[in-house]
Structures are given as structure tokens and as C-alpha cells.
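Per-entry structural report
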Amino acid sequence: MTGDGGEAIEPRGRGATGVDLPAILTRLDAEEPTAQRTAVRRIRTAIDERGQTAAYAPTVPKLRALLERPEIDFHDEVAACLADLATEAPTDVAPSTAAIVGVAVERTEQPATGELLRCIAAVAAERPDVVADHAAAIADVLEERRGYDREGLQAIAHVSREEPTAIEPAVPVLTDALASGPDEYGLQALRALGRLARSDGTLPSLEFVAHAAALVDHDETALRHAAIGCLGDAARCDPAAVEPVCDELGAALSRDDPETRAVAADAIARVAAESDPAIEPVRGRLLELLADDHPLVRANVCTALGYGRVEAAVSHLENLASEDPAPTVRDRAAWAVTQLS
């Protein structure tokens, strides 16, 4: 039916977007699974074809209730709806986090669990505090599933941004994911492990150090930087664990990318701060980098040489302390000279 101007007139009960929300809510409450499934598919169609995700936020409690009913056979569709809603309206889905995690734990190997992890990751991106209490349960789900879910690892990584100590139970699964699929899971795992390492939390294992070291010369820049940064963070809490891989860090000092050289020098400095001999395998390259074109590289190298007590660097450091155009380099060089005096 159309009005005088030829435009379609919306049926009663629909908003400006054409969403018949009362009818959808009624069907979700129906006793017949067929009606409920029709309502779920109606939501999916609206989300996929019309981009009306946020309009269906009021359906979250009813979708959650359906998810918890073991007798229905369309959990995957319900989970997909919740995941899409969490992507657009995470604060509306956040109150259902505990129930969603609980279902994932109960049905670890079911197809719907992949969508549930996507849902949890979307909530964690906006409300990591809500997901933090469930980090251990999420880690258990990931360990039991075949392979690793990128979304589940991403949820843990999001939690680590705000509450890094909450992911302590997830260290084994993060380490295993890093070892088994560095190209696919490395960024999430390395960043989460690094945040925990530089927090006040406890690292139950430093097994990940060897896996991170294997990536310090990786061709992908982001992964390479994450690996080196993770090693630098690990050196904060246990320099001795990182000392054996200083040779690998030395290879990163020769990369064309100046940021790689800078973060590698910083990681070496953190190790050398607790163990002077750690710098020996790379001292020659560090001395060369005092003449690097990039100020951050020179500054970090000054710190590494100062902590490493490399006396051969004194004259170079004195020149930098008085003549380098970058204030940060002058300050670091002057500090290093005092360390060597």
C-alpha cells in the first residue's frame, strides 16, 4: 500500500527503519521452536541485508535464553546473532557475558562456540573489565577446541589491555598458540604476553621466550616488532630468561627498518641492566649503531652500552653527549658515560 506520494506506508508497530520489533520479541517468546527460529532468521536477514544491527539490541536477553536451551537445534544461528549484536552494541550484550561464556564451556566443540567466542571478543574490545573474570574459562575453551580460535585469543588480548593480571591462567594456551601458528595467532599472543610481563602479575612459564625469539627476524614488520617487544617486556621480570636469545636480537639490529633496530636495542638494554655479559655477542654491532641515522636507535644503543658497561664506547658516547642534535640522544649518552666512569 502506498500514500499519495507513492511512498510505502510502514505497517503499524514498525519504526522508521521498518523493524517490527514487537513481533520479533513475541516470536522469540513463542513455545514453538519453529516460530523462534523464524524470528532469529528475521534478525539475521535484517542484520545482513539492511545493516540494522543496533535496532535489535532489545532482543539480546531473549536470544541468550534461547542459547541456554539445550533442546533447540539452531544454537549456531542464535550465537551468530549475538556476535553481530555485540559487534555493533557491545554494552547491550555485556550483561549476558557470563551466560555466553558458560554455554561455550558446556559446548566447547559445537559449531556455535566459534560464534560465541566472536561475541565475547566483541564485548571485550569495548568492556574488557566484564570479560576479565572469565579469562580462565575462555582459556579452557581454547585448549579443548581443535586448533585455536583467533577470536578467543583476541578476547584474551583485549582483556590484557586493561587487566593484564587476569590473563595469567591463559599463558599456556597463548604459548601453545604462538608455537603452533605464529603467523595466524602471533600478534594477539605476543601482545597479551608482553602486557602481562610488564605488569605486576606472575608469569607461570617463560616458555614463550624461545618462540618469540624465533620471530625477531620475521619478514612481517608487525609480527617482528611484537616479538622483540615481548622479549623486552619479559626481560623486565626475568632478564636471565631472555639472555640466551640475545644472539637472535642481534640479528634484528641489522634490519633495514629503523624501528626494528630501536626496539631490539631497547630489549638488549633491559637484559644488560641485570646481566652485563649478555651484551657481548652484540657489542660490536651496538658500537656501529652509535652512528645510526635515526635518533631513537642511537638513544637506545647508548642505554644498552651503558648498562652493558662497554668501556670501548666511552669516547663515542662523550661525543654524542655534547654534539648529537637530538636531546634524547645527548641525555642517554651522558647517562651512559656516568655508568662507565
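A short tour of the structure in this document, coming up.

What counts and what doesn't
Residues numbered from 1 in each chain as written. Predicted model: local features only at pLDDT ≥ 70, side-chain atom pairs only at ≥ 80, totals over all residues. Heavy atoms only, no water. Axes fitted to C-alpha atoms, helices over the stretch in contact; angles between N-to-C directions. Helix = DSSP H or I, 4+ residues; strand = E, 2+ residues; numbered from the N terminus. Parallel < 35°, antiparallel > 145°, perpendicular 65-115°, else oblique. Left-handed = near helix turned anticlockwise from the far one by under 90°. Contact = heavy atoms within 4.5 Å. Nonpolar A, V, L, I, M, F, W, Y, C, P; charged D, E, K, R; others polar. Buried < 20%, exposed > 50% of the residue type's maximum accessible area, 1.4 Å probe, protein only. Expected span 1.5 Å × (residues − 1). Polar contact = N/O pair within 3.5 Å; in protein donor to acceptor, adjacent residues only side chain to side chain. Salt bridge = Lys/Arg side-chain N within 4 Å of Asp/Glu carboxyl O.

**Here's the deal with the packing of helix H4 (residues 75-88) against helix H7 (residues 112-126)**
Relative orientation of the contacting elements H4 and H7 amounts to 15 degrees, with a least axis distance of 8 Å. The angle between the axes of H4 and H7 places the two elements in the roughly parallel class. With respect to the hand of their crossing, H4 and H7 are arranged in left-handed fashion. For the pair formed by H4 and H7, the contact residues are His75, Asp76, Ala79, Ala80, Leu82, Ala83, Asp84, Ala86 and Thr87 on the first element and Ala112, Glu115, Leu116, Arg118, Cys119, Ala122 and Val123 on the second. By residue class, the composition of the contact of H4 with H7 is ten nonpolar, two polar and four charged.

**Some thoughts on the environment of leucine 206**
For leucine 206, the location among the structural elements is in the loop between helix H12 (182-197) and helix H13 (208-213). A residue is classified by how much of its surface remains accessible, and leucine 206, at 24% relative accessible area, is partly exposed. For the pair leucine 206 and alanine 265, spaced 59 residues apart in the sequence, the C-alpha separation amounts to 21 Å. Setting aside residues no more than four positions away along its own chain, leucine 206 makes contact with Ala234, Asp238 and Ala241.

**Notes on helix H17 (residues 258-272)**
The end-to-end C-alpha distance of H17 is 21 Å, a good match for the 21 Å that 15 residues give at a rise of 1.5 Å each. Those residues of H17 that fall on the buried side of the exposure criterion are Thr260, Arg261, Ala262, Ala264, Ala265, Ala267, Ile268, Ala269, Val271 and Ala272.

**A look at the side chain of aspartate 324**
Considering the arrangement of structural elements, one finds aspartate 324 in the loop between helix H20 (314-323) and helix H21 (327-340). Polar side-chain contacts of aspartate 324 include one of 2.8 Å to the side chain of arginine 298. Setting aside residues up to four positions removed in sequence, aspartate 324 forms contacts with Arg298, Asn319, Val329 and Arg330.

**Re unusual backbone geometry**
As a rule of thumb, non-glycine residues mostly have phi less than zero, and peptide bonds are mostly trans rather than cis. Backbone geometry places arginine 309, a non-glycine residue, at a positive phi of 50 degrees. Locating arginine 309 in the fold gives a position in the loop between helix H19 (295-307) and H20.

**Things to note about the pattern of salt bridges**
Considering all chains together, one arrives at 20 salt bridges under this definition. Across the pair arginine 285 and glutamate 288 runs a salt bridge, and its minimum N-O distance is 2.8 Å. Linking arginine 285 with glutamate 288, this pair stays in helix H18 (residues 283-288), spanning three residues, or about one helical turn. A relative accessible area of 26% means that arginine 285 is categorised as partly exposed.

Honestly, it's all geometry; don't read function into it.
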